[in-house]
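Each chain is listed here by its residues.
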Amino acid sequence: MITLDSIRKPVLRELESYEAFVERQFTAEGDLLNEMLREALASRGKGVRPLLVALSAALNGRTEGAAGSPRVSLAAMLVEMIHLASLIHDDVIDESDTRRGRPSINARWQSHKAVLLGDFILARNMAIGLQSGQFDLVSHICGSMVALCEGEVLQSDCASKQNMTLRAYLDIVYKKTATLLGVSASAGAMAVGAAREKVSTMRRFGESLGVAFQIQDDILDYTPEAQTGKPSNNDLREGKITLPLLILLDRADAERRAELLALLQRCREDDEAVQQMQQLVVAEGGLQEAQTMMQGYVNKAVNILSEYEDSPYRTSLVHLCSYIMERNK
Ligand code: FPP
Ligand code: MG
């Protein structure tokens, strides 16, 4: 099993510079804001986006040491803080009490403060970016926030109308997840002055990886808590149709589709309905087919990397693709 530690190895120095950069720059005035910010920073996750920035910078860096430049730390911070703020807001929207096994910001300090903390993180991020004068990176990275918001609104609209299609699902996934991963990978290349074609190659790579990442997230939501350490079936409880269920809906005739949608409606408040739907999705191959689709996106991402010569950075990026697919949290 590939571990994130082994994937990080070739860029450990760059990741340390990024962490020190965040520690120095990401400060807040006022006791409460400071306390909330510390909690948010401490509860950051796996750091896939900064890792992607650092590996892409190293892969595309023409000179030794370019990948450890302040531009790389800045790019890594910009993408990670957009991600962090979006999850704080997402937990408010989903009324979620936990994030990565800890109480969510909204559970600890109430929703209105969580909204403000997310706003503060975005504002501070933008201020640091603009003060740096690295406008190419700031506009490239911060432009992705539009897609995140569009994806979230589209998702909410489809959940209330229950009219999800494969096309709409992929559009949502592209906007809410793949865009920021694409921007992370391409920003790494941009930070070290790579040619425009390389920046766009890395964007395509990150986007394919991002679609795979979200499909795996949606599969993991159907996986028992015992295996993931995270409460399962949250999407069903929220009435969200993601790929595993969508596969069943797409195969169903009108009558069966109506039955499935009625069962999904009951999932919002009835745990038995949730269990029944979860079992149906497993038994009818929804998870298996979703896995096959995810593998397709991973293969696409790995193929894109074949444009590059073999190096420890390319190997780590290939391993990151496998890790995304095999991860259980
Ligand atoms: C997690 O999805 C949520 C996202 C990937 C995007 C959230 C975006 C917003 C709330 C829009 C606001 C945007 C900005 C830039 C602040 P999920 O609910 O499927 O995953 P989860 O299980 O981790 O909650
Ligand atoms: Mg959520």
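A few points on the structure. (Residues numbered from 1 in each chain as written. Chains lettered and ligands numbered in written order. Predicted model: local features only at pLDDT ≥ 70, side-chain atom pairs only at ≥ 80, totals over all residues. Heavy atoms only, no water.)

## Observations concerning the overall build of the chain
So, step 1. When helices and strands are tallied, the chain shows 18 helices and 2 strands.
So, step 2. A globule of 329 residues ought to have a C-alpha radius of gyration of about 20 Å, and the chain, at 20 Å, matches this closely.
So, step 3. For the C-alpha atoms alone, the extent of the chain along its principal axes is close to 60 × 50 × 30 Å.
So, step 4. With 329 residues in all, the chain has 52% of them scored as buried.
So, step 5. If you take every contact in the chain between residues at least 6 apart in sequence, the share linking residues at least 24 apart comes to 75%.
So, step 6. Accessible surface, the chain: about 15,000 Å² in total, of which carbon and sulfur atoms supply 51%.
So, step 7. Positive and negative side-chain charges of the chain, numbering 36 and 44 respectively, have mean locations separated by a distance of 5 Å. (Helix = DSSP H or I, 4+ residues; strand = E, 2+ residues; numbered from the N terminus. Rg over C-alpha atoms; globule rule 2.2 N^0.38 Å. Buried < 20%, exposed > 50% of the residue type's maximum accessible area, 1.4 Å probe, protein only. Contact = heavy atoms within 4.5 Å. Areas by Shrake-Rupley, 256 points an atom, 1.4 Å probe, with all protein chains shown as cover. Lys, Arg positive; Asp, Glu negative; His and termini not counted. Charge placed at Lys NZ, Arg CZ, Asp CG, Glu CD.)

## Notes on the site of ligand 1
So, step 1. Near ligand 1, the surroundings consist of 15 residues, among which D90, D94, R99, K176 and K240 are the closest.
So, step 2. In this structure, an oxygen atom belonging to ligand 1 sits 2.9 Å away from a side-chain N or O atom of D90.
So, step 3. Separating an oxygen atom of ligand 1 from a side-chain N or O atom of K240 is a distance of 3.2 Å.
So, step 4. Mapped by element, the contributors of at least two residues to the shell around ligand 1 are α5 (70–93) and α9 (144–161).
So, step 5. By residue number, the principal contributor to the shell around ligand 1 is α5, which donates 5 residues.
So, step 6. Split by residue class, the shell around ligand 1 holds 6 nonpolar, 3 polar and 6 charged. (Near = heavy atom within 4 Å. Polar contact = N/O pair within 3.5 Å; in protein donor to acceptor, adjacent residues only side chain to side chain. Nonpolar A, V, L, I, M, F, W, Y, C, P; charged D, E, K, R; others polar.)

## Notes on the environment of L130
So, step 1. Structurally, L130 can be placed in helix α7 (residues 111–132).
So, step 2. Apart from the residues within four sequence positions on either side, L130 is in contact with F135 and V138.

## Quick notes on the nonpolar core
So, step 1. Membership of the largest hydrophobic core comes to 64 residues, with the highest contact counts inside it found for F205, L245, L317 and L320.
So, step 2. The element contributing the most residues to this core is helix α11 (residues 196–220), with 9 residues.
So, step 3. In this view, F205 contacts L52, A185, A301, I304, L305, L317 and C321; residues no more than four positions away in its chain are not counted.
So, step 4. M36, V138, V183 and V192 belong to the second-largest nonpolar core, a separate cluster that totals 41 residues. (Core = buried A, V, L, I, M, F, W, Y, C linked by side-chain atoms within 4.5 Å.)

## As for the state of the cysteines
So, step 1. Applying the stated rule across the entire model yields 0 disulfides.
So, step 2. Here C158 stays unpaired: no disulfide links it, and the sulfur of C149, its closest cysteine neighbor, is 16 Å away. (Disulfide = S-S within 2.5 Å.)

## Let's talk about α5
So, step 1. Taking 1.5 Å as the rise per residue, α5 with 24 residues should run 34 Å; its terminal C-alpha atoms sit 34 Å apart, in good agreement.
So, step 2. Here α5 lies mainly inside the structure; 20 of its 24 residues are buried.
So, step 3. E95 sits one or two residues past α5 and shows a positive phi near 50°. (Expected span 1.5 Å × (residues − 1).)

## Describing the packing of aromatic side chains
So, step 1. Applying the stated rule across the entire model yields 0 aromatic pairs.
So, step 2. Sitting over the ring of F213, R49 keeps its end group 5.6 Å from the ring centre.
So, step 3. Positioned above the aromatic ring of Y308, the side-chain terminus of K198 is 4.6 Å from the ring centre. (Phe/Tyr/Trp six-rings, centres within 6.5 Å; stacked < 30°, edge-to-face > 60°. Lys NZ or Arg CZ within 6 Å of the ring centre and 35° of its normal.)

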